[in-house]
Amino acid sequence: MHKSRDQALVERCLKGDRQALEALIGEYQRPLFNAAYRILGNPEDAADATQAAFLKAFEHLASYDPKYKFFSWIYRIAVNEAINQFKRNRKQEELDESAVDSGPGPDLVADAGDLSREIQDGLMALTEDYRTVVVLRHYSDCSYREIGEILQIPEKTVKSRLFSARQLLRDHFVANGITI
Amino acid sequence: MLEDRALYLINAEIDGELDASEKSELAAVLERSEEARAMRAELGRIARLLDDDADIEPPANLSSRIMAQVTLPAPNPSFSLSAFWASLQPGPVAAAFAAGMLVSLGVYEFASRPQMGGDLGSMVGTMVANPQDLAAAARDQLAVNAPGVKGSVSLVEQGSFIVLNFDLDSAEQAEIVVGLTEAGLRFGGIAHTSDDALSVDGVFEVSGGTLRVVNQGRQAFTVFLSEAAGGSGGDGEIPIGVTMGGAPAFSGALHR
């Protein structure tokens, strides 16, 4: 969230500086990928959504308004990409009865702890509206205001969704016998 | 069943968003409600679980995948040929004059001229009265033969004009730099001179007493210069440089 540094990098990108491009990708690929992963529940889809978000952002870089944080701007693009990808996946699964489980891939399952998987399952049990605010608050450390900016919803709605989502997660864990 | 207000206060506390009066209000709720205390404990644990859940690593090749697909605008020229780059001094007056000349001359359109040879009469715009009457005299020629860029640059004097004819071919994007200030020259105009070559419209810039042209592929263009006030008076060198990917690829000079 380095506003002035990001803006300087954006200006350099607009002049064709690929080192600045690399710096912005390096700065944000990890948080964007993780946000996408938590929304999508699948690392391959998350990588695709992250890539699509960066491509879209740099394609429209000239339209970026520097009075907003670059972080918020590119996060909004990434979150929207992830949500759209999730909706496409869901439609495809509805069409394809033989669709495989869209959960974490085998590598991730092997690496991730049980608790982390339970948490991800809990997140995936939420609707994407609720899941997204939880991801932005707890995984991306966004404030209510930043979440509102990214999702373009009022702060009041952010709070309402976040508070409901936490209770739904609690209910999910209790219903599945997960000790919290 | 907890009231909405109690749930709001518990959640806002988790997020560190309570003000002083709300903290007091929550303390009172917790004091009198066992259910509120239990909910606060459970939601607090869930929030910590989420906060502590570790990031996963993006795929190792994600960054390179993105880099490979992003197209940025053509880079602005960056003056990096060390020797004469460092020696160039900003020339605000010359730059202002050049900018004025550009505005007044506009962009010259040449209809299939394989070589300029100083034929200014076919230009759109007014640069000099009856320029075709002026005798052209070839002064120097420079062969450019460096990795990634080949071609030639010739210098012709025509009346009071110094004309540089560029015919270069670069495999990658190349930045061609002409030092004007140290040659005592000022920029008068630039023209694309061959239909077989890439246009130079929009890829050149005059600033700080230098002309910079960034392009890729075959580039045939002519640069019109004239003596700057207090210039070297006709016996100076005109430095020419080419950089590729930000690194100097060629450096030379034309002699008047």
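The preceding data block contains the structure.
Residues numbered from 1 in each chain as written. Chains lettered and ligands numbered in written order. Predicted model: local features only at pLDDT ≥ 70, side-chain atom pairs only at ≥ 80, totals over all residues. Heavy atoms only, no water.

Looking now at the overall build of chain A. Scanning chain A from N- to C-terminus turns up nine helices and zero strands. Taken across its 180 residues, chain A has 50% of its residues classed as buried. Here chain A displays about 8,500 Å² of accessible surface, and carbon together with sulfur accounts for 47% of that area. (Helix = DSSP H or I, 4+ residues; strand = E, 2+ residues; numbered from the N terminus. Buried < 20%, exposed > 50% of the residue type's maximum accessible area, 1.4 Å probe, protein only. Areas by Shrake-Rupley, 256 points an atom, 1.4 Å probe, with all protein chains shown as cover.)

Our next topic: the interface of chain A and chain B. Across the boundary between the two partners, chain A contributes 41 residues, which contact 35 residues of chain B. Where chain A abuts chain B, roughly 3,900 Å² becomes buried across the two surfaces, and 61% of that area is made up of carbon and sulfur atoms. Its salt-bridge partner being Asp15 of chain B, residue Arg166 of chain A comes within 2.4 Å of it at the nearest N-O pair. Applying the counting criterion to the chain A and chain B interface returns 17 residue pairs in polar contact (both at pLDDT 80 or more). Here the side of chain A that touches chain B gets 10 residues from one element, more than from any other, and that element is helix H2 (residues 18–40) of chain A. The residue makeup of the side of chain A that touches chain B, split by class, is 22 nonpolar, eight polar and 11 charged. (Contact = heavy atoms within 4.5 Å. Buried area = accessible area lost by both parts, 1.4 Å probe. Salt bridge = Lys/Arg side-chain N within 4 Å of Asp/Glu carboxyl O. Polar contact = N/O pair within 3.5 Å; in protein donor to acceptor, adjacent residues only side chain to side chain. Nonpolar A, V, L, I, M, F, W, Y, C, P; charged D, E, K, R; others polar.)

Residue and element names in this part refer to chain A. Following both chains from N to C, one finds helix H6 (residues 114–125) and helix H7 (residues 128–139) inclined at 140 degrees, their axes separated by 9 Å at the closest point. Relative to H7, H6 is oriented oblique. Of the residues in H7, those touching H6 at Ile119, Leu123 and Met124 are Arg131, Val134 and Tyr139. Here the residues of the contact of H6 with H7 sort into five nonpolar, no polar and one charged. (Axes fitted to C-alpha atoms, helices over the stretch in contact; angles between N-to-C directions. Parallel < 35°, antiparallel > 145°, perpendicular 65-115°, else oblique.)

A few words on the pairing of strand S3 (residues 161–179) of chain B. Residue and element names in this part refer to chain B. Of all 19 residues that make up S3, 14 are buried, and the element is covered over most of its length. Adjacent in sequence and paired antiparallel, strand S2 (residues 149–158) and S3 are bridged by two residues, among which Gly159 carries a positive phi angle near 60 degrees. In terms of strand pairing, S3 meets strand S6 (residues 210–227) through 16 bridges, oriented antiparallel. Bridge assignment links Phe166 to a residue of S6, and that residue is Phe221. Across five bridges, the pairing between S3 and strand S7 (residues 237–244) is antiparallel. Among the inter-strand pairings, Val178 is bridged to a residue of S7, identified as Ile240. (Pairing = 2+ DSSP bridges.)

Turning our eyes to something else, we now look at helix H3 (residues 34–52) of chain B. Residues lying three or four places apart along an α-helix face the same way, a consequence of the helix completing one turn every 3.6 residues. Residues and elements named next belong to chain B. Here H3 spans 27 Å end to end across 19 residues, near enough to the 27 Å set by a 1.5 Å rise per residue. Residues Ala36, Met39, Glu42, Leu43, Gly44, Ile46, Ala47, Leu49 and Leu50 constitute the buried set of H3. Two to three positions downstream of the cap, the backbone nitrogen of Glu35 sits 3.4 Å from a side-chain oxygen, assigning the N-cap of H3 to Ser33. (Expected span 1.5 Å × (residues − 1).)

Attention now goes to helix H2 (residues 20–32) of chain B. Residues and elements named next belong to chain B. Look at H2: 19 Å from first C-alpha to last across 13 residues, which is about the 18 Å you get at 1.5 Å a residue. Of the residues making up H2, those classed as buried are Glu22, Leu26, Val29 and Leu30. Looking down the long axis of H2, one finds its buried residues gathered within 95 degrees of arc, a one-sided arrangement. Facing away from the buried surface of H2 by more than 90 degrees, the exposed residues are Ala20, Glu31 and Arg32. On its buried side, H2 packs onto helix H1 (4–14) and H3. (Arc of directions from axis to C-beta.)

Let's shift gears to the side chain of Asn11 of chain B. Along the chain, Asn11 of chain B falls in helix H1. Not counting the four nearest positions on each side in its chain, Asn11 of chain B is found in contact with Tyr144, Phe163 and Arg166 of chain A together with Leu43 of chain B.

The subject of this paragraph is the pattern of salt bridges. Per the stated rule, a full pass over the model turns up 22 salt bridges over all chains. Residues Arg90 of chain A and Glu128 of chain A are paired through a salt bridge, measuring 3.4 Å at the closest nitrogen-oxygen approach. Here Arg90 of chain A is found in helix H4 (residues 70–95), whereas its partner Glu128 of chain A is found in helix H7, with 38 residues between them in sequence. A relative accessible area of 35% means that Arg90 of chain A is categorised as partly exposed. Among the residues examined, Glu128 of chain A registers a relative accessible area of 8% and is labelled buried. A network of salt bridges, in which partner residues are shared, links Arg30 of chain A together with Asp55 and Glu57 of chain B.

Turning our attention to the packing of aromatic side chains. Residue and element names in this part refer to chain A. Applying the stated criterion to the full structure yields 10 aromatic pairs over all chains. Between Tyr28 and Phe71, the aromatic rings sit 6.3 Å apart at their centres with planes inclined by 40 degrees, giving tilted as the arrangement. In this pair, Tyr28 sits in helix H2 while Phe71 sits in helix H4, placing the two residues 43 residues apart along the sequence. Exposure class is identical for Tyr28 and Phe71. Each is buried. (Phe/Tyr/Trp six-rings, centres within 6.5 Å; stacked < 30°, edge-to-face > 60°.)

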